[in-house]
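A structural walkthrough
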Amino acid sequence: MLLKYIVSNFMSIGRPIEFSMFPASENVEERLVRRIDTKAGEWKILRRGGFFGPNASGKTTFMKSLRFAKNFIVDGQKSGKGTGINQFRGDIDELQEKSLFQFMFYTQNNVYEYGFSLGTEQVYEEWLMVLTEKGFQPLFARQTTEEGKTQIEIESRFARKGSKERNLAEVLKDSIGENQKNQLFLYKMYDNGVKKVEHIVEWFECLKIIFPKSKVQGFPLRIDKDDDFRKFIINSLKNMDTGVVDISIVSDVMDFRDSVEKLDIPSEIVSQVEDKKNGILTFAGKYFIFGEGEKRQTLLVQIKFEHILNGEMVPFNVEEESDGTRRLLDLLPILFSLNKNKQDIYFVDEIDRSLHTKLSQYLLREFLKGCEDTYSQIVFTAHDVNLINLKEFGQDEIWFVEKDGNGESHLRPFSDFEIEKGQDALRAYLNGRFGAVPLIKGEI
């Protein structure tokens, strides 16, 4: 579970902002939290968190910061290629041109803190700590001296001296030279088979970050091969009044070049395919599963959505479906997977995109029900202010994002504000009491 996340100097985020899944209130509703046993006692951790604020306030930037950190940890970076960080462009001296990413999380019955700071060319600091009865204790720590030299200290609690794991970690520590200063020590250990860090990196792999244009990989194949999944999607679409009564799969083998000319696939997408031996391409609502060979034979897979019109079953292509139905196809797999991937954490940007308020509320309500016996969480951004409903959500679950006059994004929890009994939270928000609302110039 994610417990806390701190980020600074990333796109519109300047000074550090901190997001916490710890409830601010002792009296938080039990349905909203999961209790975890730690070395410091039992903790309550929220299962959901929602971000609200004006357009261009920094909500998507927050999500992108998580994507950057996850990819940097899980996929690594090529030697000597810099870090690829997109830093805040304003002038804030205290940042010293360094960006910070810091996580506190719970996995395999332990609480860890992992973080790193970096500039455009190299990693400056990195650390991994574990919570003990005496507080957080380091497993390893990395820092850069004033002379630019990288120093890494590996503690005995990480692995005892002389052990195979420790010896390998020591070799990797010494290998971070001039051309590898842009790489994380955690990634190098994971990439080279140090088992002590596998569960740490695997936790980051469980972060599922979904943007409005994200698509579920292999969705048509899953519909075709997994009957339980297919039934779940059909029943959900029926229950949500989309008009869809059935789903079928139509496939056809064709030459890749023929499909390029027939469907006018952009050249940049063709280049991406030609650079890969095999894979799946999604374009214009169609899925192309391509493989090796001179002809690059391609399996064209299309999902057909059945509707009843004038008493007859009529098939529709996915691009003929409403934006809302297509958005549901991106989000419903989350609910289906809850009891299968019990520690996945979902970050959904614009969860309400193209959806009626009732559908957004339904998805978030069902998530809460479905994750009861899991460690899963969901953090979302939304523009639909009707979701700021204290009958559906706890005050601890809601956060406000806004920019100041210098273009810097700030994050503030709803729990910082007192709400009187019976007060309409939505009306108070729209009246500007909590900030994070657009200020329209010339508005009367």
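Note: the structure precedes this text.
Residues numbered from 1 in each chain as written. Predicted model: local features only at pLDDT ≥ 70, side-chain atom pairs only at ≥ 80, totals over all residues. Heavy atoms only, no water.

Considering the overall build of the protein
The number of helices and strands found in the protein is eleven helices and 20 strands. Among the 444 residues that make up the protein, the fraction classed as buried is 52%. Long-range pairs, those at least 24 residues apart, make up 61% of the contacts in the protein between residues at least 6 apart in sequence. About 22,400 Å² of surface is accessible on the protein, with carbon and sulfur atoms providing 44% of the total. (Helix = DSSP H or I, 4+ residues; strand = E, 2+ residues; numbered from the N terminus. Buried < 20%, exposed > 50% of the residue type's maximum accessible area, 1.4 Å probe, protein only. Contact = heavy atoms within 4.5 Å. Areas by Shrake-Rupley, 256 points an atom, 1.4 Å probe, with all protein chains shown as cover.)

A word on the side chain of Lys188
Within the secondary structure layout, Lys188 lies in helix 3 (residues 185-191). Buried and without a salt bridge, Lys188 has Asp191 as its closest oppositely charged side chain, separated by 7.1 Å. Ignoring sequence-local partners within four residues, the contact set of Lys188 consists of Leu172, Ser175, Ile176, Gln180 and Gln183. (Lys, Arg positive; Asp, Glu negative; His and termini not counted. Salt bridge = Lys/Arg side-chain N within 4 Å of Asp/Glu carboxyl O.)

Section: helix 10 (residues 357-370)
Between its terminal C-alpha atoms helix 10 stretches 20 Å, which fits the 20 Å expected from 14 residues at 1.5 Å a residue. Buried residues of helix 10: Thr357, Leu359, Ser360, Gln361, Leu363, Leu364, Phe367 and Leu368, and no others. (Expected span 1.5 Å × (residues − 1).)

Topic: the pairing of strand 20 (residues 409-413)
The alternating pattern of strand 20 places Ser409, Leu411 and Pro413 on a buried face and His410 and Arg412 on a face that is not buried. By the bridge criterion, five bridges tie strand 19 (residues 398-403) to strand 20 in an arrangement that is antiparallel. Its bridge partner lying in strand 20, Val401 is registered against Leu411. As consecutive antiparallel partners, strand 19 and strand 20 are separated by five residues, and within that stretch Gly407 has a phi angle of approximately 80 degrees, a positive value. (Pairing = 2+ DSSP bridges.)

Thoughts on the packing of helix 9 (residues 323-337) against helix 10
Between helix 9 and helix 10, the shortest axis-to-axis distance is 9 Å and the interhelical angle comes to 20 degrees. Put simply, helix 9 runs roughly parallel to helix 10. For helix 9 against helix 10, the interelement crossing comes out left-handed. Between helix 9 and helix 10, the residues in contact are Leu328, Leu331, Leu332, Ile334 and Leu335 and Leu359, Leu363, Glu366 and Phe367, respectively. For the contact of helix 9 with helix 10, the residue count by class is eight nonpolar, no polar and one charged. (Axes fitted to C-alpha atoms, helices over the stretch in contact; angles between N-to-C directions. Parallel < 35°, antiparallel > 145°, perpendicular 65-115°, else oblique. Left-handed = near helix turned anticlockwise from the far one by under 90°. Nonpolar A, V, L, I, M, F, W, Y, C, P; charged D, E, K, R; others polar.)

Notes on the sheet that holds strand 1 (residues 2-8)
Spatial strand order, 2-1-6-7-8-9-10: seven strands in an open sheet with antiparallel pairing. At either margin of the open sheet sits one strand with a lone partner, and together these are strand 2 (17-20) and strand 10 (150-154). Going across the sheet, the axis of each strand differs from the next one's by a mean of 10 degrees, ignoring polarity. In terms of strand pairing, strand 7 (residues 110-118) meets strand 8 (residues 123-132) through seven bridges, oriented antiparallel.

Examining helix 9
The largest bend along helix 9 reaches roughly 35 degrees and is located at Asp330, with the proline Pro333 sitting one to four residues downstream. Extensive coverage of helix 9 is indicated by the burial of 13 of its 15 residues. (Bend = angle between axes of the 7 residues up to and from the residue.)

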